[in-house]
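Per-entry structural report
If you want the building blocks of each chain, they are given just below.
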Amino acid sequence: MTDLGPTEIARMAALARLDVDPRSLPELAKQIERILEYVSQLPDLPDTALGPATWIDATMLPPLRTDERQEGRPTVRSEQFAPEFEDGFFLVPRPAAMDDE
């Protein structure tokens, strides 16, 4: 198994555009190393360990609805549902119960 150090974990985090606290990198490296070690054991499992695959017969599934416009569905834009809407998000007022905190 390849030794993953904080440098490699920081590189992966940067590639994934994750903001990772540099102080947590050594612990993250240990955790990922344990996960990879566990996953590396999977090819050693015998084929019979998992049992036979179960397939679903598609004829037993309910039929899918057609993709047609249905009456009774909202025909207004979502912006009209909220008192305030900004940058694609609904602005929700802060609950009064949270004002005491």
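Just so you know, these numbers come straight off a predicted model, no measurement behind them. (Residues numbered from 1 in each chain as written. Predicted model: local features only at pLDDT ≥ 70, side-chain atom pairs only at ≥ 80, totals over all residues. Heavy atoms only, no water.)

**Quick look at the overall build of the chain**
To keep it simple, the criterion reads: Helix and strand definitions follow DSSP, with helices as H or I runs of at least four residues and strands as E runs of at least two, each counted in order from the N terminus. Residue burial is assigned from relative accessible area. The probe radius is 1.4 Å, only protein chains are included, and a residue is buried under 20% of its type maximum, exposed over 50%, and partly exposed in between. Here, two residues are considered to be in contact whenever any of their heavy atoms come within 4.5 Å of each other. Per-residue and other accessible areas follow the Shrake-Rupley method at a 1.4 Å probe size, with only the shown protein chains counted as cover for residues.
Along the chain, the regular secondary structure elements total 2 helices and 2 strands. When the helices and strands of the chain are placed in sequence order, the string is α-α-β-β. With 101 residues in all, the chain has 8% of them scored as buried. Counting contacts in the chain only where the partners sit at least 6 residues apart, residues at least 24 apart contribute 35% of the total. Carbon and sulfur atoms form 57% of the exposed surface of the chain, whose accessible area is close to 9900 Å².

**So, the confidence of the model for the chain**
Inclusion rule: For every residue, the predictor states its confidence as a pLDDT score lying anywhere from 0 to 100.
Considering every residue of the chain, the mean pLDDT works out to 78; 74% of them sit at 70 or more. When mean pLDDT is compared element by element in the chain, helix α2 (residues 25-39) scores highest at 91, while strand β1 (residues 85-86) scores lowest at 78.

**Brief notes about the pattern of salt bridges**
So the rule is basically this: The salt bridge definition used is simple: a Lys or Arg side-chain nitrogen within 4 Å of an Asp or Glu carboxyl oxygen.
Enumeration according to the criterion identifies 1 salt bridge in this entry. Asp21 is paired through a salt bridge with Arg23; the nearest N and O atoms lie 2.8 Å apart. Accessibility expressed as a relative area gives 72% for Arg23, which makes it exposed.

**Overview of the packing of helix α1 (residues 6-15) against α2**
As a reminder of what qualifies: Note on geometry: axes are lines fitted to C-alpha atoms, helical ones only across the stretch in contact, with angles between N-to-C directions running from 0 to 180 degrees. Roughly parallel refers to an angle under 35 degrees, roughly antiparallel to one over 145, roughly perpendicular to one between 65 and 115, and oblique to any angle outside these ranges. For this scheme, ten residues count as nonpolar: Ala, Val, Leu, Ile, Met, Phe, Trp, Tyr, Cys and Pro. Four count as charged, namely Asp, Glu, Lys and Arg, and the remainder, Gly too, count as polar.
Between α1 and α2, the least distance of the axes is 8 Å, while the angle of their chain directions is 90°. Relative to α2, the element α1 is oriented roughly perpendicular. Facing Pro6, Ile9 and Ala10 of α1, the residues of α2 in contact are Leu25, Pro26, Leu28, Ala29 and Ile32. When its residues are assigned to classes, the contact of α1 with α2 shows 8 nonpolar, no polar and no charged.

**Some thoughts on a nonpolar patch on the surface**
Stated precisely, the cut-off is as follows: For patch building, the residue pool is restricted to those with more than 30% relative accessible area and no salt bridge; the joining distance is 9 Å between like charges and 5 Å between nonpolar side chains (Val, Leu, Ile, Met, Phe, Trp, Tyr).
Together, Ile35, Tyr38, Val39, Leu42 and Leu45 give the surface a local cluster of nonpolar side chains, amounting to about 500 Å² of exposed area. In this structure, Leu42 sits in the loop between α2 and β1. Overall, Leu42 belongs to the partly exposed group, its relative accessible area being 45%.

**A word on the side chain of Glu33**
Rules: By the counting scheme adopted, Arg and Lys are positive, Glu and Asp are negative, and His together with the chain ends is not counted. Identification of polar contacts relies on pairs of N or O atoms within 3.5 Å, with a donor-acceptor requirement for protein atoms, meaning one able to donate a hydrogen and the other able to accept it, and with residues adjacent in sequence counted only if both atoms are side-chain atoms.
Relative to the assigned elements, Glu33 resides in helix α2. It turns out Glu33 is buried and unbridged, and the closest side chain with the opposite charge, Arg34, is 10 Å from it. At 3.1 Å, the side chain of Glu33 forms a polar contact with the backbone nitrogen of Leu4.

**Some remarks on unusual backbone geometry**
For Arg17, which is not a glycine, the phi torsion comes out positive at approximately 60°. On the secondary structure map, Arg17 appears in the loop between α1 and α2. Residue Arg17 is classed as exposed on the basis of its relative accessible area of 78%.

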